[in-house]
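# Chain and residue survey
Listed here are the chains, written in short residue letters.
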Amino acid sequence: GAGVSQTPSNKVTEKGKYVELRCDPISGHTALYWYRQSLGQGPEFLIYFQGTGAADDSGLPNDRFFAVRPEGSVSTLKIQRTERGDSAVYLCASSLNTGTGRTEAFFGQGTRLTVV
Amino acid sequence: RKEVEQDPGPFNVPEGATVAFNCTYSNSASQSFFWYRQDCRKEPKLLMSVYSSGNEDGRFTAQLNRASQYISLLIRDSKLSDSATYLCVVSPIRGGNTGKLIFGQGTTLQVKP
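Let me sum up the structure you'll find in this document. (Residues numbered from 1 in each chain as written. Chains lettered and ligands numbered in written order. Predicted model: local features only at pLDDT ≥ 70, side-chain atom pairs only at ≥ 80, totals over all residues. Heavy atoms only, no water.)

Here we come to the sheet that holds strand S7 (residues 65-68) of chain A. Residue and element names in this part refer to chain A. Across the sheet, four strands lie side by side as S1-S3-S8-S7; this open sheet has antiparallel pairing. The two strands at the open ends of the sheet, each matched to only one other strand, are strand S1 (5-7) and S7. Between one strand axis and the next, the sheet turns through 15° on average, direction left out of account. (Pairing = 2+ DSSP bridges. Helix = DSSP H or I, 4+ residues; strand = E, 2+ residues; numbered from the N terminus. Axes fitted to C-alpha atoms, helices over the stretch in contact; angles between N-to-C directions.)

What follows is the structure, given as structure tokens:
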């Protein structure tokens, strides 16, 4: 597919468990972002990758959250010891950073995480 | 105080009406500005960028006032299909290097027949 792909689309897990959320960006997009969206709120920034490196991880709420992008394409968001407050839709976006003007960020459909 | 503030609404308007949304941002270093649209249970999609000179795309007009740190979106001749949540977005990064996008809470628009 041509768009940003996120798997799984839904994940239900028990409190205290570990989860991994995967994002497949648009081919060739160097920038990748993770956001979290709770009901009635706008997306909340978590982390931004430029290539393989995390250019800005200031939005990660605590050390239970970690994200990697080892080859500069697919990214995985990892959450340890999940808590009920982690329940949200986790959105991934990618963009083609050309340095020559507006570059649109394209979002995936998100992973709806429910911690019970 | 949130970095990007919007009135969550909802705004309920009849078809054909003109409606305006406003947004304020607190970081004076913000360099890029956007409006995104999000349909219920869908992902956000870029509606338009916002430039200091103001810009128009069909029925949609966006304005930026840097001095007041204020962004607006005007929708003319509202259609039923305009019903959605409109997200105000700012970024500290200029131009092509998108960087971090900061979203407002979103303003919900319901257009009624």
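Another point: the state of the cysteines. This model, assessed by the stated rule, comprises two disulfides over all chains. A disulfide bridge connects Cys23 of chain A with Cys92 of chain A, and the sulfur atoms are separated by 1.9 Å. An S-S torsion of about -70° defines the bridge between Cys23 of chain A and Cys92 of chain A as left-handed. Placement of the pair is Cys23 of chain A in strand S3 (residues 19-24) and Cys92 of chain A in strand S9 (residues 88-95), with a sequence separation of 69 residues. Shown here is the disulfide that connects Cys23 of chain B with Cys88 of chain B, its sulfur atoms set 2.0 Å apart. Taking the sign of the S-S torsion, about -70° here, the bridge from Cys23 of chain B to Cys88 of chain B comes out left-handed. In this pair, Cys23 of chain B is assigned in strand S3 (residues 19-25) and Cys88 of chain B in strand S9 (residues 84-91), connecting sequence segments 65 residues apart. (Disulfide = S-S within 2.5 Å.)

Residue and element names in this part refer to chain A. For the structure shown, the criterion picks out nine salt bridges over all chains. Close ionic contact of Arg64 with Glu83 constitutes a salt bridge, the shortest N to O distance being 3.5 Å. Placement of the pair is Arg64 in the loop between strand S6 (53-56) and S7 and Glu83 in the loop between strand S8 (75-79) and S9, with a sequence separation of 19 residues. On the accessibility criterion, Arg64 (6% relative accessible area) is buried. (Salt bridge = Lys/Arg side-chain N within 4 Å of Asp/Glu carboxyl O. Buried < 20%, exposed > 50% of the residue type's maximum accessible area, 1.4 Å probe, protein only.)

So, to be careful, I would describe these as geometric facts and stop short of saying anything about function.
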